[in-house]
Amino acid sequence: MNPIFVALDTQDVHRAAAIARDVSGLAAGVKLGLEFFCANGHEGVLRIAEHETPVFLDLKLHDIPNTVGKAVEAIARLEPAILTVHASGGRAMMAAAKAAAPPETKVVAVTVLTSLDRSDLSSIGIDRSPGGQVKRLGELAREAGLDGIVCSGSEVGAARAAWPDGFLVVPGVRPAGAEIQDQKRVVTPAQALSDGASILVIGRSISAAPNPRRAIMDIASSLAQTPRDARI
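The sections below set out a description of the structure shown in this document. What you see is a predicted model; the values in this text were computed from it and never measured.

### Some details on the pattern of salt bridges
- Counted according to the given criterion, the structure contains 9 salt bridges.
- Asp58 is paired through a salt bridge with Lys60; the nearest N and O atoms lie 2.7 Å apart.
- Asp58 sits in the buried class, given a relative accessible area of 8%.
- Note that Glu143 is salt-bridged to Arg91, the shortest N-O span being 2.6 Å. In this pair, Glu143 sits in helix H6 (residues 130-143) while Arg91 sits in helix H4 (residues 91-100), placing the two residues 52 residues apart along the sequence.
- According to the relative accessible area criterion, Glu143 is partly exposed, its value standing at 48%.
- Each member of the salt-bridge network shares a partner with another, and the members are Asp9, Lys31, Asp58 and Lys60.

### Here we look at helix H10 (residues 212-223)
- The end-to-end C-alpha distance of H10, which contains 12 residues, comes to 17 Å, matching closely the 16 Å that a straight helix rising 1.5 Å per residue would cover.
- Among all positions in H10, only Pro212, Ala215, Ile216, Ile219 and Leu223 are buried. Seen along its axis, H10 keeps its buried residues to an arc of 90°; they face one direction.
- In this fold, the buried residues of H10 make contact with strand S1 (4-7), helix H1 (13-23), helix H8 (189-195), strand S8 (199-202) and helix H9 (204-207).

### Notes on the packing of helix H3 (residues 65-75) against H4
- H4 packs onto H3 with a crossing angle of 20° between their chain directions and a minimal axis gap of 8 Å. Viewed along their axes, H3 and H4 adopt a mutual orientation that is roughly parallel. For the pair H3 and H4, the crossing hand works out as right-handed. Along the contact surface, H3 presents Pro65, Val68, Gly69, Val72 and Glu73, while H4 presents Ala92, Met93, Ala96, Ala97 and Ala100.
- Of the residues assigned to the contact of H3 with H4, the class counts are 8 nonpolar, 1 polar and 1 charged.

### Side note on the sheet that holds strand S2 (residues 29-33)
- Strand order in the closed barrel formed by 8 strands is S1-S2-S3-S4-S5-S6-S7-S8, with parallel pairing between adjacent strands. Strand-to-strand twist of the sheet, defined as the mean angle between neighbouring strand axes without regard to direction, takes the value 25°.
- Across 3 bridges, strand S5 (residues 106-110) lies against strand S6 (residues 148-150) in parallel orientation. Within the sheet, the bridge partner assigned to Val108 lies in S6 and is Gly148.
- Across the sheet, H3 is in contact with strand S3 (55-61) and strand S4 (82-86); its angle to S3 comes to roughly 160°.

### Here we look at the packing of aromatic side chains
- Enumeration over the complete set of coordinates arrives at 1 aromatic pair.
- Ring plane angle 80° and centroid distance 6.0 Å describe the contact between Phe5 and Phe56, whose orientation is recorded as edge-to-face. Of this pair, Phe5 sits in strand S1 while Phe56 is found in strand S3, placing the two residues 51 residues apart along the sequence. As far as burial versus exposure is concerned, Phe5 and Phe56 are alike and both buried.

Definitions and limits used
Residues numbered from 1 in each chain as written. Predicted model: local features only at pLDDT ≥ 70, side-chain atom pairs only at ≥ 80, totals over all residues. Heavy atoms only, no water. Salt bridge = Lys/Arg side-chain N within 4 Å of Asp/Glu carboxyl O. Buried < 20%, exposed > 50% of the residue type's maximum accessible area, 1.4 Å probe, protein only. Helix = DSSP H or I, 4+ residues; strand = E, 2+ residues; numbered from the N terminus. Expected span 1.5 Å × (residues − 1). Arc of directions from axis to C-beta. Contact = heavy atoms within 4.5 Å. Axes fitted to C-alpha atoms, helices over the stretch in contact; angles between N-to-C directions. Parallel < 35°, antiparallel > 145°, perpendicular 65-115°, else oblique. Left-handed = near helix turned anticlockwise from the far one by under 90°. Nonpolar A, V, L, I, M, F, W, Y, C, P; charged D, E, K, R; others polar. Pairing = 2+ DSSP bridges. Phe/Tyr/Trp six-rings, centres within 6.5 Å; stacked < 30°, edge-to-face > 60°.

Here is the structure:
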């Protein structure tokens, strides 16, 4: 299966729908984040789902357990394939999200954003490396009963070793030679897949390409011969 979810980082529902149509049948699904959801809400998500492509709803929910549980209940009718919460919200919050989600929805916890490095963590009072923080939060997510975590490609190998059957989402992936833009801890798609990623989230390298369909086909072709962790 093609492991690529295409990030549709736009407020424009028409552009998002056009890209979803272009990659339908090629991508594992599409990812919709806060930018899209705040602009278009439930109706926008349903519009994208019309293209019969699984939707990854990347809302990174983070609040008290009751509020997060109610929020997940409110979006349950959208039946997202994947939903994110912040691991730093704690075990009870993550458990509440999982309990409220549809059975088919994979709930995964964001550990350390790919835009952060050790100095960023230090500035907010976390005296650990990104890898150390991913390990700790990954353990917490597993204890909470979640399906997996979101981590950078730099940590996915260690995360796979610690959680052999976990669903590991790797964002911030950039093909060789692509600009890293606002990301800091990035790897190539082939490296992330080889190290144990379950799915890859790729945005601008596909969505901003002149021909998104050709772009995802080229990336998928480059992954076809990539050896994957046997535990996935």
